[in-house]
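Chain residues, written in single-letter form:
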Amino acid sequence: MQRLLDTLEETHLLDKAGLVRLLEWDSPALIHAADRVRKRYVGEEVHLRGLIEFSNYCRNSCFYCGLRAPNNRIKRFRMDIREIMEYARRAVGWGLKTIVLQSGEDGSYPIDDLCRVVSDIKDMDVAVTLSIGERTKEEYACLKRAGANRYLLRIETSNPRLYERFHPGMSFQNRVRCLYYLKELGYEVGTGCLIGLPGQTVEMLAEDLLFFKRLDIDMLGMGPFIPCPLTPLENEKGGQVPLVLKMMALARLLMPDINMPATTALATMDKNGYQKGLKAGANVIMPNMGRPDYRRLYALYPGKAGSMEDGLARLKSAREIIMKAGRKVGRGCGNRKRVLKKA
Ligand code: SF4
């Protein structure tokens, strides 16, 4: 097994069978190898991305998500443009170099308004990441022209059957098509998966990693599946932290120069989740900079880590976590610096 790991560390290539074997291997050697590769390719900086969740309305019905449209027991909110800008300005004033605008798939914002927000934030000389779901190619293009740099669209699972089981009314092909549109338009593209979904196997997880590598993604967010009340999966078993860490470590070994966050979902499952994620290859943390009362309502899953704190307190604790881990807070926008040539 050690030889398999050494080859992966050296070549950043491995087939599905090899990945499955390493996913089934319980050894700290995997995490240590990922940490070495992280250090060699992306260094000691941890980039902070200021997250603003601006609407919890969503037209979709993903089985695992508390914001799904049929859930009429949660309070919905929608920030207007002025309010989004107020929180973005505050986050930039506190030193953040990337603003991430995230929402459910809420069709009520005219595209021109979204473009205006993007270009007004860009005027503050920071990077803008969008995470607002599936849109038309024309809309992605408008947002890009307005200045958006990056786009996050998680595939959640690269297995079409599993995808369609948990995403009624959605199409796997369209999701993949959107990822290709975003790449064509020149965005830095992020995707990711849930780990521990009912019916998901290690083979499927190995395929997820190969899917990300094939797509040559720039950013990757992976977290445990956390069963959420008032959803069809509320009584299922959640994902396991050690498996998430192994997936992160393998991702870093396969794609050494990507940006990869230690996710809030990981920190929700394990009080040391951010620290463990940083050791397993992560180089990004995304503190929530939105309105505290709205953050509680953005309940993709229960018990979100730190959801009672205000933006400045979250930023301070993210900085402390980075320093305690012996790493440095990133100074620039933290774009992907491609080291490996495109395959
Ligand atoms: S996961 Fe995203 S797209 Fe799916 S229901 Fe939740 S907010 Fe909507």
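Some details on the pairing of strand 1 (residues 45-48)
So, point 1. Direction of pairing for strand 1 relative to strand 9 (residues 328-329): parallel, over a ladder of two bridges. When the sheet's bridge partners are listed, Val46 is paired in strand 9 with Val329.

Some remarks on the nonpolar core
So, point 1. In this structure, Ile52, Met248 and Ala251 are the most contacted members of the largest nonpolar core, which totals 101 residues.
So, point 2. It is helix 10 (residues 241-254) that contributes the most residues to this core, nine residues altogether.
So, point 3. For Ile52, the contacting residues outside a window of four places in its chain are Ile84, Tyr87, Ala88, Ile99, Val100, Leu101, Met289 and Gly290.

So, the pairing of strand 6 (residues 188-195)
So, point 1. Of all the eight residues making up strand 6, eight are buried; the element is thus mostly covered by neighbouring parts of the structure.
So, point 2. With burial as the criterion, each face of strand 6 is covered, one bearing Glu188, Gly190, Gly192 and Leu194 and the other bearing Val189, Thr191, Cys193 and Ile195.
So, point 3. Bridging between strand 5 (residues 150-152) and strand 6 involves three bridges; their strand directions are parallel. Bridging from a neighbouring strand, Leu152 pairs with Gly190 of strand 6.
So, point 4. Both strand 6 and strand 7 (residues 219-224) contribute to a ladder of six bridges, which runs parallel. Residue pairing across strands places Leu194 opposite Gly223, the latter belonging to strand 7.

Details of the site of the ligand
So, point 1. In the vicinity of the ligand, the contacting residues are Cys58, Asn60, Cys62, Cys65, Leu67, Arg68, Gly104, Glu105, Gly133 and Leu300.
So, point 2. Residue composition of the shell around the ligand, grouped by class: five nonpolar, three polar and two charged.

Cut-off values and rules
For every chain, the first residue of its written sequence is number 1, and the numbers climb from 1 along that sequence. This being a predicted model, a pLDDT of at least 70 is required before a residue's local features are given, and a value of 80 or more before pairs of side-chain atoms are given or counted; all residues contribute to the totals for chains, interfaces and linings. The criterion for strand pairing is that DSSP finds at least two bridges linking the strands in question. By definition, any uninterrupted DSSP run of H or I lasting at least four residues is a helix, any uninterrupted run of E lasting at least two residues is a strand, and each is numbered from the N terminus. One nonpolar core equals one set of buried Ala, Val, Leu, Ile, Met, Phe, Trp, Tyr and Cys residues connected by C-beta atoms within 7 Å. Here a residue counts as buried when 20 or more other C-beta atoms sit within 10 Å of its C-beta, as exposed when there are 12 or fewer, and as partly exposed otherwise, the C-beta atoms being derived from the backbone. A pair of residues counts as a contact when their C-beta atoms, built from backbone coordinates, are separated by no more than 7 Å. A molecule or strand has a residue near it when that residue's C-beta atom, placed from backbone coordinates, lies within 6 Å of it. Residues are grouped as follows: nonpolar covers Ala, Val, Leu, Ile, Met, Phe, Trp, Tyr, Cys and Pro; charged covers Asp, Glu, Lys and Arg; every other residue, Gly included, is treated as polar.

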